[in-house]
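A look at the structure
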Amino acid sequence: IIIAGRTTSTDMPTLNAFDSIFNGGIDAFMAKFSAGGQLLVATYFGGSGEDQANGVAVDSADNIIIAGRTT
């Protein structure tokens, strides 16, 4: 299970994160869960402006692809 979106949370739980710190404004985020609901990965993406994940996909090599926008 993979979810992605946007957050203003400064204390989102992160795990195996690319970026574990809220960067201000609105950050994009991505979280991956096991089939049983265990959090496997959770990360922020973004800078000081407004960042948003609008879509998420997984390719045949299990790479996670996130599409979105940034200011």
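In this report, the structure presented in the accompanying data block is examined. (Residues numbered from 1 in each chain as written. Predicted model: local features only at pLDDT ≥ 70, side-chain atom pairs only at ≥ 80, totals over all residues. Heavy atoms only, no water.)

**Let's talk about the overall build of the protein**
When helices and strands are counted, the protein shows 0 helices and 5 strands. Ordered by position from the N terminus, the helices and strands of the protein form the series β-β-β-β-β. By residue count, 24% of the 71 residues in the protein fall in the buried class. Total accessible area on the protein is roughly 4,300 Å²; 53% of this is exposed by carbon and sulfur atoms. (Helix = DSSP H or I, 4+ residues; strand = E, 2+ residues; numbered from the N terminus. Buried < 20%, exposed > 50% of the residue type's maximum accessible area, 1.4 Å probe, protein only. Areas by Shrake-Rupley, 256 points an atom, 1.4 Å probe, with all protein chains shown as cover.)

**Some words on the environment of I2**
As for its position among the elements, I2 is in strand β1 (residues 2-7). Between the C-alpha atom of I2 and that of M30, which follows or precedes it by 28 residues, the distance is 7.2 Å. Ignoring any residue separated from it by four or fewer positions in sequence, one finds I2 in contact with M30, A31, K32, V56, V58 and I64. (Contact = heavy atoms within 4.5 Å.)

**Focus: the sheet that holds strand β2 (residues 27-33)**
Spatially, the 3 strands line up as an open sheet ordered β1-β2-β3, and their pairing is antiparallel. On the outer flanks of this sheet lie β1 and β3 (39-45), each paired with one strand and no other. Neighbouring strand axes in the sheet, compared pairwise and without regard to direction, differ in orientation by 15 degrees on average. Pairing of β2 with β3, which is carried by 6 bridges, proceeds in the antiparallel orientation. (Pairing = 2+ DSSP bridges. Axes fitted to C-alpha atoms, helices over the stretch in contact; angles between N-to-C directions.)

**Let's talk about the environment of I26**
Along the chain, the position of I26 falls in the loop between β1 and β2. Considering only alpha carbons, one finds I26 and L40, 14 residues apart in sequence, at a separation of 23 Å. With near-sequence residues (within four places) excluded, I26 lies in contact with R6, T7, T8, G49, E50 and D51.

**A closer look at unusual backbone geometry**
Unusually for a residue other than glycine, N16 sits at a positive phi of about 50 degrees. Assignment of secondary structure puts N16 in the loop between β1 and β2. Located in the positive-phi region is D62, a residue other than glycine, with phi close to 65 degrees. Topologically, D62 is positioned in the loop between β4 (51-58) and β5 (64-70).

**Here we look at the environment of F18**
With respect to the secondary-structure elements, F18 resides in the loop between β1 and β2. Note: C-alpha distance between F18 and A31 (13 residues apart in sequence) is 11 Å. Residue contacts for F18: discarding those within four places in its chain leaves T43, Y44 and F45.

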